[in-house]
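Secondary and tertiary structure notes
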Amino acid sequence: MDKILNALQESYQALVRFLLPEGILDYFELSKIVEGLTGLNIYLEEKNLPPTEYNDQKLESKGFLPEVYIQDFPIRNQKVTLCIKRRRWEVKATGGIISRDLNLVQQGTRMTKEFADFLKAMY
């Protein structure tokens, strides 16, 4: 039974990695998928893995930044919106708040870089 569950989990992970922007699952976990009237909303929450440049400092997770919404490639004629919750941490020594610097969105848009590049190539 465990072999079957492991095989299903591996297949699920492979499918999710194929559908989402490259590398996003390195930092985020899929929390839910909601199909609504306007399309498919894919909810992602940042893992509690502090940025490597702060490895030598004591950090404490302080929840999430406000959720952002990014348009991505349609799936099966469904509009896809990535609903992303980025984590923030407190640097205990200074009391400062930090977050990981991720460049997921094409500058000047609300869509993933891959999707924006695709649309640019089409027109």
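Quick note: structure is the one above.
Structure report, in brief. These numbers come from a predicted model, not from an experiment.

For strand β1 (residues 28-36) and strand β2 (residues 39-46), the ladder comprises 8 bridges, and the chain directions are antiparallel. Paired with Lys32 across the two strands is Tyr43, which belongs to β2.

Looking now at the packing of aromatic side chains. Applying the stated criterion to the full structure yields 0 aromatic pairs. When the ring centre of Tyr43 is taken as origin, the NZ or CZ atom of Lys32, which lies over that ring, is 4.7 Å away. When the ring centre of Phe64 is taken as reference, the NZ or CZ atom of Lys85 above it lies at 4.8 Å.

Turning our eyes to something else, we now look at the environment of Gly39. Topologically, Gly39 is positioned in strand β2. In this structure Gly39 comes out as buried when scored by relative accessible area, which is 3%. Linking Gly39 and Ile75, residues 36 residues apart in sequence, is a C-alpha distance of 9.2 Å. Ignoring any residue separated from it by four or fewer positions in sequence, one finds Gly39 in contact with Val34, Gln78 and Lys79.

Residues Val16, Leu20, Ile24, Leu25, Phe28, Leu40, Ile42, Leu44, Ile70, Val80, Leu82 and Ile84 constitute the largest nonpolar core, which totals 12 residues. Elements supplying a minimum of two residues to this core: β2 and β5 (78-85). In contact with Leu20, not counting residues within four places along its chain, are Leu25, Ile42, Leu44 and Leu82.

For the structure shown, the criterion picks out 5 salt bridges. Note that Lys62 and Glu60 form a salt bridge whose closest N and O atoms lie 3.6 Å from each other. A relative accessible area of 33% places Lys62 in the partly exposed class. With a relative accessible area of 33%, Glu60 lands in the partly exposed category. Connected via shared salt-bridge partners are Glu60, Lys62, Glu90 and Lys92.

Quick look at the pairing of β2 now. Most of β2 sits inside the fold, with 7 of its 8 residues counted as buried. Taking the residues that link successive antiparallel strands as the turn, the β1-β2 hairpin has 2 residues. Pairing of β2 with β5, which is carried by 6 bridges, proceeds in the parallel orientation. Within the sheet, the bridge partner assigned to Glu45 lies in β5 and is Lys85.

About the criteria used
Residues numbered from 1 in each chain as written. Predicted model: local features only at pLDDT ≥ 70, side-chain atom pairs only at ≥ 80, totals over all residues. Heavy atoms only, no water. Pairing = 2+ DSSP bridges. Helix = DSSP H or I, 4+ residues; strand = E, 2+ residues; numbered from the N terminus. Phe/Tyr/Trp six-rings, centres within 6.5 Å; stacked < 30°, edge-to-face > 60°. Lys NZ or Arg CZ within 6 Å of the ring centre and 35° of its normal. Buried < 20%, exposed > 50% of the residue type's maximum accessible area, 1.4 Å probe, protein only. Contact = heavy atoms within 4.5 Å. Core = buried A, V, L, I, M, F, W, Y, C linked by side-chain atoms within 4.5 Å. Salt bridge = Lys/Arg side-chain N within 4 Å of Asp/Glu carboxyl O.

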